[in-house]
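Next come the chains, spelled out residue by residue.
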Amino acid sequence: MNGLTSPVIRLSSFLFIMILFALSGCLEDKFDFNRLSTDMEISPTFSAPLVKGSISLEDLVDSDGENIVYDSSDAQGPFLKFVYREDSIFSYSGSDFFGVNESGSDSYTLGNIEIDDFGPVEDTVTLRQIVDHAVTRSYEATLIESADGSSITFPEISEEDSMAISGEYEAEEIDNFRYAVLESGEVELQMTNELPVEVTAEFLLKTRVMDPTGSYVEEDLAIERVEFSNVASKASKTQTIDLSGQKLGSILYITELAISTPGSTDPVYIDLDGQYISMEAQARDLVISDGEVMIEDQSLNNQTTRVGTGYSGDKRLDTVRLAGGEISYTIENNTDVAATLEFVLPSTIDLSTGNPLTITQDLQPRTTIDSGLDLANTETLLNGADSVPIQYNLQLEASQNFVEFHSSDQVSFSYNIDLGSEDAEYISGFFGQETIDFPQQELETDLDLFDKFTGDFTLTSPSIRLFYQNSIGIPFTADLELMAESGTQQQDLHEGGADGLLEFRHPLDPGTVLNDTLVIDKNNSDIDQFVSLPPHRILFDGAGYINYNKPSTTYNYLTSQTTVQVGMEMDLPLELKTSGMTYRDSFAFEIDADFDEDVDFNEAVNLFGKFSNEFPFSIDLQLICRDSTTNQDLLQLEALDEDGTPVQTLKAPQLDASGRVAAPSENLVYFRIHEDEIEQLKQTNQLVIIASVATSGDKGVKFYTDYTLDFRIGIDEAATTLDL
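K.L.:
Just checking my understanding: could you explain the overall build of the chain for this structure?
P.N.:
Assigned secondary structure in the chain consists of six helices and 51 strands. Buried positions account for 50% of the 724 residues belonging to the chain. Contacts spanning at least 24 positions in sequence make up 85% of the contacts within the chain whose residues lie at least 6 apart. Working note: accessible area of the chain is about 32700 Å², and carbon and sulfur atoms make up 41% of it.

K.L.:
Looking at this structure, how should I read the nonpolar core?
P.N.:
If you look at soluble globular proteins, the nonpolar side chains tend to sit buried side by side. By size, the foremost hydrophobic cluster in this structure holds 169 residues, and its most contacted members are Phe 90, Leu 394, Leu 466 and Phe 504. Excluding anything up to four places from it in sequence, Leu 466 contacts Ile 89, Leu 480, Leu 502, Phe 504, Asp 516, Thr 517, Leu 518, Ile 520, Val 566, Gly 567 and Met 568.

K.L.:
Mind showing me how you'd approach the sheet that holds strand 12 (residues 217-231) here?
P.N.:
Strands pair in a sheet through their backbones, by hydrogen bonds, and they do so in one of two ways: parallel or antiparallel. As summarised here, the arrangement of the four strands in space is 9-15-11-12, forming an open sheet in which the pairing is antiparallel. Looking along the sheet, the strands with just one partner apiece sit at the ends: strand 9 (163-170) and strand 12. Across the sheet, the mean angle from the axis of one strand to that of its neighbour is 20°, orientation sign disregarded. Where strand 11 (residues 199-210) lies against strand 12, eleven bridges are found, and the strand directions are antiparallel. Across the sheet, the residue bridging to Val 199 is Val 231, located in strand 12.

K.L.:
I keep staring at the sheet that holds strand 28 (residues 410-420) and nothing clicks. Help me out?
P.N.:
Read from one edge to the other, the open sheet built from four strands follows the order 5-28-21-24, with strand pairing classed as antiparallel. Every other strand in the sheet has two partners, leaving strand 5 (99-109) and strand 24 (367-374) as the edge strands with one partner each. Strand-to-strand twist across the sheet, computed as the mean angle between neighbouring axes with direction ignored, equals 15°.

K.L.:
Looking at this structure, I do not really get the pairing of strand 44 (residues 617-627). What am I missing?
P.N.:
Put simply, side chains in a regular strand alternate between the two faces of the sheet. A large share of strand 44 lies buried, amounting to nine of its eleven residues. By the bridge criterion, ten bridges tie strand 44 to strand 49 (residues 686-695) in an arrangement that is antiparallel. Residue pairing across strands places Leu 623 opposite Ile 689, the latter belonging to strand 49. Bridge count between strand 44 and strand 45 (residues 632-638): six bridges; the pairing is antiparallel.

K.L.:
So what exactly am I meant to see when it comes to the environment of Leu 204 here?
P.N.:
Mapped onto the elements of the fold, Leu 204 is located in strand 11. A relative accessible area of 12% places Leu 204 in the buried class. Taking the C-alpha atoms as reference points, Leu 204 and Glu 227, separated by 23 residues in sequence, lie 8.7 Å from one another. With near-sequence residues (within four places) excluded, Leu 204 lies in contact with Ala 222, Glu 224, Arg 225, Tyr 253, Ile 254, Thr 255 and Glu 256.

K.L.:
What is the right way to read the environment of Thr 367 from this model?
P.N.:
Residue placement: Thr 367 occurs in strand 24. The spatial distance from the C-alpha of Thr 367 to the C-alpha of Thr 335 is 8.7 Å, given a sequence separation of 32 residues. Residue contacts for Thr 367: discarding those within four places in its chain leaves Ile 331, Glu 332 and Asn 333.

K.L.:
Any chance you could explain the packing of aromatic side chains here in plain terms?
P.N.:
How two aromatic rings sit relative to each other is given by the distance of their centres and the angle of their planes. All told, the structure shown has 25 aromatic pairs when counted by the stated rule. For the ring pair Phe 343 and Phe 413, a centre distance of 4.9 Å and an interplane angle of 85° mean the geometry is edge-to-face. Of this pair, Phe 343 sits in strand 22 (residues 339-350) while Phe 413 sits in strand 28, and the two are 70 residues apart along the sequence. You'll find Phe 343 and Phe 413 in the same group, each marked buried. Considering the side-chain rings of Tyr 704 and Tyr 707, the 5.7 Å spacing of their centres and the 80° angle between planes classify their relative orientation as edge-to-face. Over the aromatic face of Tyr 311 sits the side chain of Lys 315, whose NZ or CZ is 5.7 Å from the ring centroid. Just above the ring of Tyr 704 sits the side chain of Arg 660; from NZ or CZ to the centre is 4.3 Å.

K.L.:
What am I meant to see in unusual backbone geometry here?
P.N.:
Residues apart from glycine generally show negative phi values, whereas peptide bonds are mostly found in trans. Each neighbour pair has its own omega, and for Gly 119 with Pro 120 the value is 0°, a cis peptide bond. Residues other than glycine seldom take positive phi values, yet Arg 137 does so here, at roughly 50°. Summarising the element assignment, Arg 137 is placed in the loop between helix 3 (127-132) and helix 4 (138-146). In this structure, Asn 377 is a non-glycine residue whose phi angle is positive, near 60°. Along the chain, Asn 377 falls in the loop between strand 24 and strand 25 (378-381).

K.L.:
For this particular structure, what's the right way to read the pattern of salt bridges?
P.N.:
Note that side chains of opposite charge can pair when their charged atoms are close. One pass over the structure, following the stated rule, counts 30 salt bridges. For the salt bridge of Glu 379 with Arg 321, the shortest nitrogen-to-oxygen distance reads 2.8 Å. Of this pair, Glu 379 sits in strand 25 while Arg 321 sits in strand 20 (residues 316-322), placing them 58 residues apart in sequence. With a shortest N-O distance of 1.9 Å, Glu 569 and Arg 465 are connected by a salt bridge. Taken as a pair, Glu 569 in strand 40 (residues 563-573) and Arg 465 in strand 33 (residues 463-470) lie far apart in primary sequence, 104 residues in all. For Glu 569, a relative accessible area of 10% translates into the label buried. By relative accessible area, Arg 465 is classed as partly exposed at 26%. Put simply, Arg 85, Asp 87, Arg 465, Glu 569 and Asp 571 are held in one network by salt bridges that share partners.

K.L.:
What is the right way to read a negative patch on the surface from this model?
P.N.:
There is a patch of like negative charges on the surface, built from Glu 114, Asp 116, Asp 117 and Asp 285. By secondary structure assignment, the location of Asp 285 is in strand 17 (residues 276-293).

K.L.:
How do you make sense of the confidence of the model for the chain when you look at a structure like this?
P.N.:
Summary statistics for the chain give a mean pLDDT of 84 and a share of 86% for residues scoring 70 or more. Ignoring residues within four places in sequence, the model shows residues 1-49, a span with pLDDT below 50, making 119 contacts including any to other chains. The model gives residues 718-724 a pLDDT under 50, and that stretch makes 14 contacts with residues more than four places away or in other chains.

K.L.:
When you look at helix 4 in this model, what are you seeing that I'm missing?
P.N.:
The periodicity of an α-helix, 3.6 residues per turn, causes residues three or four positions apart to be oriented the same way. Of the positions making up helix 4, those classed as buried are Glu 140, Ala 141 and Ile 144. Burial along helix 4 is one-sided: seen end-on, the buried residues are contained in an arc of 100°. Along helix 4, the residues that are exposed and aim more than 90 degrees away from the buried face are Ser 138, Tyr 139, Thr 142 and Ser 146. Taken together, the buried residues of helix 4 touch helix 3, strand 8 (151-153) and strand 9.

K.L.:
Explain the side chain of Lys 206 here, please?
P.N.:
For Lys 206, the location among the structural elements is in strand 11. What Lys 206 contacts, discounting residues up to four positions off in sequence, is Asp 220, Leu 221, Ala 222, Ile 223, Ile 251, Leu 252, Tyr 253 and Thr 255.

K.L.:
Looking at this model, I keep getting lost on the pairing of strand 23 (residues 355-363). Mind explaining?
P.N.:
The sheet contact formed by strand 22 and strand 23 spans nine bridges and is antiparallel. When the bridges of strand 23 are listed, Phe 343 appears paired with Ile 359. Between strand 22 and strand 23, which pair antiparallel and follow one another directly, the connecting turn spans four residues, one of which, Gly 354, has a positive phi of 80°.

K.L.:
Hey, could you run me through the environment of Tyr 139 in this one?
P.N.:
Among the structural elements, Tyr 139 can be located in helix 4. Residue classification places Tyr 139 among the exposed residues on the basis of a relative accessible area of 62%. Each C-alpha atom of the pair Tyr 139 and Pro 155 lies 9.8 Å from the other, and the pair is 16 residues apart in sequence.

The rules behind these values
- Residues numbered from 1 in each chain as written.
- Predicted model: local features only at pLDDT ≥ 70, side-chain atom pairs only at ≥ 80, totals over all residues.
- Heavy atoms only, no water.
- Helix = DSSP H or I, 4+ residues; strand = E, 2+ residues; numbered from the N terminus.
- Buried < 20%, exposed > 50% of the residue type's maximum accessible area, 1.4 Å probe, protein only.
- Contact = heavy atoms within 4.5 Å.
- Areas by Shrake-Rupley, 256 points an atom, 1.4 Å probe, with all protein chains shown as cover.
- Core = buried A, V, L, I, M, F, W, Y, C linked by side-chain atoms within 4.5 Å.
- Pairing = 2+ DSSP bridges.
- Axes fitted to C-alpha atoms, helices over the stretch in contact; angles between N-to-C directions.
- Phe/Tyr/Trp six-rings, centres within 6.5 Å; stacked < 30°, edge-to-face > 60°.
- Lys NZ or Arg CZ within 6 Å of the ring centre and 35° of its normal.
- Salt bridge = Lys/Arg side-chain N within 4 Å of Asp/Glu carboxyl O.
- Patch = residues over 30% accessible without salt bridge, like charges linked within 9 Å, V, L, I, M, F, W, Y side chains within 5 Å.
- Lys, Arg positive; Asp, Glu negative; His and termini not counted.
- Charge placed at Lys NZ, Arg CZ, Asp CG, Glu CD.
- pLDDT = per-residue confidence, 0-100.
- Arc of directions from axis to C-beta.

Have a look at this one:
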């Protein structure tokens, strides 16, 4: 008989393994006795092996399993559930709907500048020069010349026939420009008469532009013909000449001089070298448009440009307080003038000083500068304006030498403002209605708990939780596509309300971080069908909407925390309902038995099991012995009662009002192998288990961890009745 002991123990063990691993969804080729309770023992009784033991649901859970956990939230005690978690299925940040990247350019045309007044510059024409260079009225000239040192009656010289005097009579050189084209200004000429008689002087006022070395005349230009009438002896007269539009060189002179006089009635003393007329020129209010000039310190007119923010229409910015970001800029000085360019952002306050943000940049002639302005620790109050004003002013530096100047010369600059949500300390406004497309993902769930079952079942309280931490003060709505997939089958979760949208809460005050969970359950989705597939993977994509159906008056804000990640947890308590799930599996079966030929089996060998069952389901069981080499079913074993009538292997226990098992069900079943079936048993190399599982009652049942299954399994070779 001992030759039959080993295979029967293995066959009995596999009977029990089927019952246990139908719960865990995992069947092994060999039974692991280490997973049974320590109460198990094997002892010979009536020359047959007897196995007894007790198994709880905790014994069936793989200690290495990541997804099967104990839930202690139920007042009735811990129960098993399957949990699948993804810490990030999608995310969004401030950069998805906030950013300012605006470029622009402007230029500062120098325009006209002021230069210092020049003068007085002067020259004299002596009486000797007058008579020596007289080209008309030579008689009078000779008479006057011959009277040098004596007195004569000064002859009359009429204006109609005046004394023309050849030659050019230069004033002192002007030292603050080589040449200057005057936009405006004036020169005051004063003639002083030191001749012994009243005179009228007429002349042409001219100017010379010398070359930069002063070696030759570059231009000789007439300014204006001037007449001083009836200037009494020892007296002066002045005239003012408008210089607008005139080009002046550094030399002023008079030419084409003509003198007339009524003469004298009495003799007058003649001193050819001591008597003269003098001309004095003094300029004022000179504004030049071109020239080579000595520039003085001066500030040109302030100008203003505006930098767009990119927020207009239904988008607006109110307050922008920054922890980072910059304005990068390029300034090109296309002039020969050294200058300082100052930018002022009057609506942007440097919070460290309380003053408007200012850039001051020194510019050397004909240079280009690339630089940037840090916007950290600044605040701009826009209050819905779509642009930021920038005031700029050019300060010309005094020059030590002549520099070339043209009013059309420009200092040009370009700028780029680059701000992202990562630069925000606090930004408020309305950021518009934007759409964020989420990338497609495939999430592997490792949910193989029901892989080997067929038939319908329902998990009575499944849920999916979308958990998130949100510090962005902007309404966010999502249209998610969650599709369960198992093989070729797919099931849409159909989550959300009537419009299929999920509303995510957002904080209402800066500095608040909102932690929240959005629950998807049977009330707002098709989660029953979703998890009953069951999903081996979840296909995910979708879109998010910023300010969905919100008016532009909605208050939005960003702070320095700008990223929101949304994770998912699929929570499947093992609380299920089924009227007939069928489990089928097969495994190798090796028998190494030495049956004595003189053994009388007395019709049959009975495998028996006595079970005290707290597991809240029933099992109908069949065992098929197969020869896998010939693909033949050799034996079909059914659970029988003492009378040989087919019965349930395990009856479901009764449940109390709370859903707990009130008392275990007691079951005694037999699997009978007739004498003529021993050969088929010996040929068996594969066992097939077919089990039909049904839960107790009409509601879902929970699998509490303290449920146990007590059993005794043995063999009755003589078909005798054993006292178990």
